[in-house]
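# Residue-level structure breakdown
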Amino acid sequence: MKLLEFLKRERKKSASVAKERLQIIVAHQRGQRGQPDYMPMLERELLEVIRRYVEVEQDAINISLDSEDDCSVLELNVTLPNRG
Amino acid sequence: MARIIVVTSGKGGVGKTTSAAAIATGLALRGNKTVVIDFDVGLRNLDLIMGCERRVVYDLVNVIQGEAGLNQALIRDKRSDHLYILPASQTRDKDALTLEGVEQVLEKLAEDFDYIVCDSPAGIERGAQLAMYFADEAIVVTNPEVSSVRDSDRILGLLASKTRRAEQAQDPVVERLLITRYDPNRVDSGDMLNLEDIQEILAIKLIGLIPESEAVLRASNSGVPVTHDQDSDAGQAYSDTVARLLGDEKPLRFHQLQKKSFLSRIFGGGRR
């Protein structure tokens, strides 16, 4: 009986792993859901402008749009390289 | 005023066409004049599930392109006077559908029918978006499985943004969850997402739960929607789903482990 319970507990894991993974994916998907269609384009063009002045990597820019009450905040994070 | 219901899922093979056929049949059996439309242009299958594949002459694309009248393309169901099928084209591609064309067909159908059930193609591309665009309600078919749940969430995103109701800032499309291929045995052993978890992740109201059932394949083999098989668990579960769509209160069935009796353990489970 002990062995049976042990095996059962081991197998319980796959459904709860599935749930945890889905909660993360879905939260991420929903974060992007409200985004206007122009966001990827805006991100690309901003990166271009910044690159005219500073050498930054493709993934050095992070852009997000958050809505609070009746206003939206566009947040832009750019990681600049260390000045050598 | 006709209610337009889209049966959609994102992922393929989860039971959209089976569900669209079963739900449309159930609505008609309850006396509602119902039409079920196949939006899967190029890969039509609804006609097979409805058992009318040999009676298809004209299809949705012919009607939209003005090559046939709506009444020429509509196929009356053999088993129910209240049910009609509008098949998809097998030879054209999905670009043959236009938003204006679909709108005109739906407007015309709305004059005669109580319910218009749209069977969406898989994916999130044009065909799927056309199927959902004019919907009042959506039935999101989901299997208890990670890729299906994720895709269902993507579809919910589209329903909230890429539909007429969303674009014209009307009341949003009513979203309902239909869980199919549910196996209480595997849920109990911890290998399958349970219905509470799926509901919690997708956060929409459950309209029905269809158990994994041998009756579904039997139904598609014979071209008789499973709702007609009222001896089967799946047939009864679809009838419950339809009853809830019509506003009845129906407790959930078939989601709990059936304790097998001593005799059925010995002689096998019997017909499901």
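Residues numbered from 1 in each chain as written. Chains lettered and ligands numbered in written order. Predicted model: local features only at pLDDT ≥ 70, side-chain atom pairs only at ≥ 80, totals over all residues. Heavy atoms only, no water.

- Per an unreviewed UniProt entry, chain A is named Cell division topological specificity factor, and its organism is Kushneria avicenniae.
- Recorded under Function (unreviewed entry), the UniProt text for chain A is reproduced unchanged: "Prevents the cell division inhibition by proteins MinC and MinD at internal division sites while permitting inhibition at polar sites. This ensures cell division at the proper site by restricting the formation of a division septum at the midpoint of the long axis of the cell."
- The UniProt entry for chain A carries the following text under Sequence similarities (unreviewed entry): "Belongs to the MinE family." (UniProt positions renumbered as here; feature names shortened; annotations may be inferred.)

### Considering the environment of Ile 85 of chain B
All names here are of chain B.
- In this fold, Ile 85 is placed in strand β4 (residues 83-86).
- Residue class for Ile 85 comes out buried when judged on its relative accessible area of 1%.
- Sequence separation between Ile 85 and Leu 178 is 93 residues; the distance between their C-alpha atoms is 22 Å. (Helix = DSSP H or I, 4+ residues; strand = E, 2+ residues; numbered from the N terminus. Buried < 20%, exposed > 50% of the residue type's maximum accessible area, 1.4 Å probe, protein only.)

### Describing the pattern of salt bridges
- All told, the structure shown has 13 salt bridges over all chains when counted by the stated rule.
- Two residues, Glu 137 of chain B and Arg 3 of chain B, come together in a salt bridge whose shortest N-O distance is 2.5 Å. Remark: Arg 3 of chain B occurs in strand β1 (residues 3-8) and Glu 137 of chain B occurs in strand β6 (residues 137-142); sequence separation between them is 134 residues.
- Between Arg 44 of chain B and Asp 47 of chain B there is a salt bridge; the shortest N-O distance is 2.8 Å. Each member of the pair, Arg 44 of chain B together with Asp 47 of chain B, is buried.
- Taken together, the shared-partner salt bridges connect Lys 19 of chain A together with Asp 197 and Glu 200 of chain B into one network. (Salt bridge = Lys/Arg side-chain N within 4 Å of Asp/Glu carboxyl O.)

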